[in-house]
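Residues per chain are reported as follows:
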Amino acid sequence: MEVVVSDRFPVRDAKGNVVVMDAVALNTCGFINDAKEESVNAVLSAIEAKKSGYVRAVYVFGCLSQRYRKELMAEMPEVDGFFGVFDYDDMLKALGVSESVEGSVERHLTTPGHYAYLKISEGCNRRCAYCSIPYIRGRHISVPMEQLLEEAGLLAARGVKELIVVAQDTTYYGLDLYGKRKIAELLELLSKVNGIEWIRLHYSYPAQFPEDLLKVMAENPKICKYLDIPLQHSSGKVLESMKREINGIQTQNLIGRIRESVPGVVLRTTMIVGFPTEDNREFVKLLEFVRKNKFERLGAFTYSEEEGTYGAIHYRDSVRKSTKQKRFDALMELQAEISRSWNESRRGSEETVIIDSFSDGVFVARSQFESPEVDGEILIDESSLYKRFGRDVEPCDIIGTFAKVRITGSDEYDLTAEFI
Ligand code: SF4
């Protein structure tokens, strides 16, 4: 079976001819309203493609499909099958594939060949008041270390150089399986896999943070000095009502310890504005916290009430939509300033980057401080390649390789650079 990864229809081959797909399989998200909307739009565009004859069958799986299967079946009869998050075998059967996924760790990469996501566990044992994920994906189940190391080895053998470690809660890793948190040990072992040069950690939950992780991050050159730590808020009152198991002072102390233990670390976080217990005073506290801690990267969501969650059952979604939006705008405006000034401070610095892609005469690259998709990019003009290496090097030769660059320019999100 030939698999094509694409987010638009019709799919075309290298010569630009339309390829009629036997089936399209869409993974959906049911986390928050925006994500649900995006998923529904993707399904609608697949249905359109089916009507236009570009696709013969449409299958939908993932969280949204698991949660709202009945409603979706009624609303979208053109879809040939809806599956839940763990119904892989049923989906393979529908696609006419005889194999079972059980026992196989080999997978089709949906990323460029030089980086891959490594999912180290499934589900979540926390009960954040706003979040429906534990109800959809179940309790935390860590993938055994040997299996992850085997998968990392297979990925490295196929040319993957950067592993992006993900899970709903990466800092919980190991507690269910080994009786203790083992994320630090796992990263150390992954760094020994031949061919893996960078390891990046996402979604590290702040409460009961495993401090041994900081030592590994500070000392192991293969572990990116980059930590994604979703904090969601800084006010004790809001954090308590969000059931985040950490208060404002502990949060501040943790950020201080991380910065001190891992010099130069880049922190990415997310915040939720407009949670029912967030009044203007708590929001101002959040702005002060962000101003003080200068997170290099910060994303925000406006609170949306999710069916069945503690928040939906126990709190009234009392903050007006317009107020949520104003708070979101104020927070993102502040972050834009912080991000612009951090990017500016990188001008003139020499950094190692990995080249992700090349188009229209520009290379898109990232340093250890940028994660794909969510962070900014480092853009390098093609002329810089010829200036540095002469005409013998073709742009496509260096995609997926590491290079040394000097940062020459910046704005609030992206940087420009030249090869050195
Ligand atoms: S840690 Fe909280 S926000 Fe993250 S998946 Fe678990 S319950 Fe949801």
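Just so we're clear, the structure is a prediction, and the values are computed from it rather than from any experiment.

Analysis parameters
- Residues numbered from 1 in each chain as written.
- Predicted model: local features only at pLDDT ≥ 70, side-chain atom pairs only at ≥ 80, totals over all residues.
- Axes fitted to C-alpha atoms, helices over the stretch in contact; angles between N-to-C directions.
- Helix = DSSP H or I, 4+ residues; strand = E, 2+ residues; numbered from the N terminus.
- Parallel < 35°, antiparallel > 145°, perpendicular 65-115°, else oblique.
- Contact = placed C-beta atoms within 7 Å.
- Nonpolar A, V, L, I, M, F, W, Y, C, P; charged D, E, K, R; others polar.
- Expected span 1.5 Å × (residues − 1).
- Buried ≥ 20, exposed ≤ 12 C-beta atoms within 10 Å, placed from the backbone.
- Arc of directions from axis to C-beta.
- Pairing = 2+ DSSP bridges.
- Near = placed C-beta within 6 Å.
- Domains from an automatic or database assignment.
- Left-handed = near helix turned anticlockwise from the far one by under 90°.
- Core = buried A, V, L, I, M, F, W, Y, C linked by C-beta atoms within 7 Å.

S.K.: Give me the lowdown on the packing of helix α8 (residues 183-191) against helix α9 (residues 212-219), citing residues and values where you can.
M.R.: Their axes nearest at 8 Å, the elements α8 and α9 cross at an angle of 25°. By the angle between their directions, the pair α8 and α9 is classed as roughly parallel. Where α8 approaches α9, its residues I183, A184, L187 and E188 are matched on the opposing element by D212, L213 and V216. Split into classes, the residues belonging to the contact of α8 with α9 amount to five nonpolar, no polar and two charged.

S.K.: Residues and numbers for helix α6 (residues 145-157), please.
M.R.: Along its 13 residues, α6 runs 18 Å from first to last C-alpha, staying within 8% of the 18 Å computed at 1.5 Å per residue. Burial in α6 covers these residues: L148, E151, A152 and L155. The buried residues of α6 occupy one face: seen down the axis, they fall within an arc of 100°. Set apart from the buried face of α6 by more than 90 degrees, the exposed residues are E146 and A157. As for α6, its buried residues are in contact with β6 (115-119), β9 (162-166) and α8. In the segment just after α6, G159 is the residue with positive phi, at about 105°.

S.K.: Explain the environment of Q208 to me, using residue names and the numbers behind them.
M.R.: With respect to the element layout, Q208 can be found in the loop between β10 (198-201) and α9. Given 12 C-beta atoms within a 10 Å radius, Q208 is considered exposed. Through-space distance from the C-alpha of Q208 to that of I354 is 33 Å; in sequence the pair is 146 residues apart.

S.K.: Requested: an account of the sheet that holds β9, with residues and values cited.
M.R.: As summarised here, the arrangement of the six strands in space is β6-β9-β10-β11-β12-β13, forming an open sheet in which the pairing is parallel. The sheet is open, and its two borders are formed by β6 and β13 (297-302), each paired with just one other strand. When the angles between neighbouring strand axes are averaged without regard to direction, this sheet yields 20°. The sheet contact formed by strand β11 (residues 223-228) and strand β12 (residues 266-273) spans three bridges and is parallel. When the sheet's bridge partners are listed, L227 is paired in β12 with L267.

S.K.: Please provide a residue-by-residue account of the sheet that holds strand β15 (residues 362-367), values included.
M.R.: Strand order in the closed barrel made by the five strands is β14-β15-β16-β18-β17, with mixed pairing throughout. Along the sheet, successive strands turn relative to each other by an average axial angle of 50°, direction set aside. Relative to strand β17 (residues 402-410), strand β14 (residues 350-359) runs antiparallel, the two sharing five bridges. Counterpart to I354 in the pairing with β17 is F402.

S.K.: Pulling in residues and values, what's your account of the pairing of β17?
M.R.: Pairing geometry for β17 and strand β18 (residues 415-419), over five bridges, is antiparallel. Directly across from R406, in β18, lies its bridge partner E418. Linking β17 to β18, which pair antiparallel, is a turn of four residues.

S.K.: Give me the site of the ligand: which residues, what numbers.
M.R.: In the region of the ligand, the neighbouring residues are C124, R126, R127, C128, C131, I133, P134, Q168, D169 and Y205. A class-by-class count of the residues in the shell around the ligand yields six nonpolar, one polar and three charged.

S.K.: Any details on the domain arrangement of the protein? Residues and values, ideally.
M.R.: Domain parsing of the protein yields domain 1 (11-94), domain 2 (115-345) and domain 3 (350-419). Of note, the centres of domain 1 and domain 2, computed from C-alpha atoms alone, are 29 Å apart. Taken residue by residue, the interface counts eight residues in domain 1 and seven residues in domain 2. A per-element tally of the side of domain 1 that touches domain 2 places helix α2 (residues 63-67) first, with three residues. Classifying every residue of the side of domain 1 that touches domain 2 by side-chain character gives four nonpolar, three polar and one charged.

S.K.: Can you lay out the packing of α6 against α8 for me, pointing to particular residues and giving the numbers?
M.R.: One way to put it is that α6 packs onto α8 with a least axis distance of 10 Å and a crossing angle of 30°. With respect to each other, α6 and α8 are oriented roughly parallel. The two elements α6 and α8 meet at a crossing, and its hand is right-handed. Seen from α6, the contacting residues are M145, L148, L149 and A152; seen from α8, they are L186, L189 and L190.

S.K.: Any chance you could break down the nonpolar core for me, citing the residues and the numbers?
M.R.: In this structure, L118, Y130, A152, L163, L187, L190 and I199 are the most contacted members of the largest nonpolar core, which totals 61 residues. With sequence-adjacent residues up to four places away left out, I199 is seen in contact with L163, V165, L187, L190, S191, K222, I223 and C224. The next biggest cluster of nonpolar side chains, apart from the first, holds 13 residues, and it includes A365, L385, L415 and A417.

S.K.: Describe the pairing of strand β16 (residues 378-381), listing the residues and the values that go with them.
M.R.: Alternating residues of β16 divide into I378 and I380, all buried, and L379 and D381, none buried. The sheet contact formed by β15 and β16 spans four bridges and is antiparallel. Its bridge partner lying in β16, V362 is registered against D381. Sheet topology note: the β16/β18 ladder contains three bridges and is parallel.

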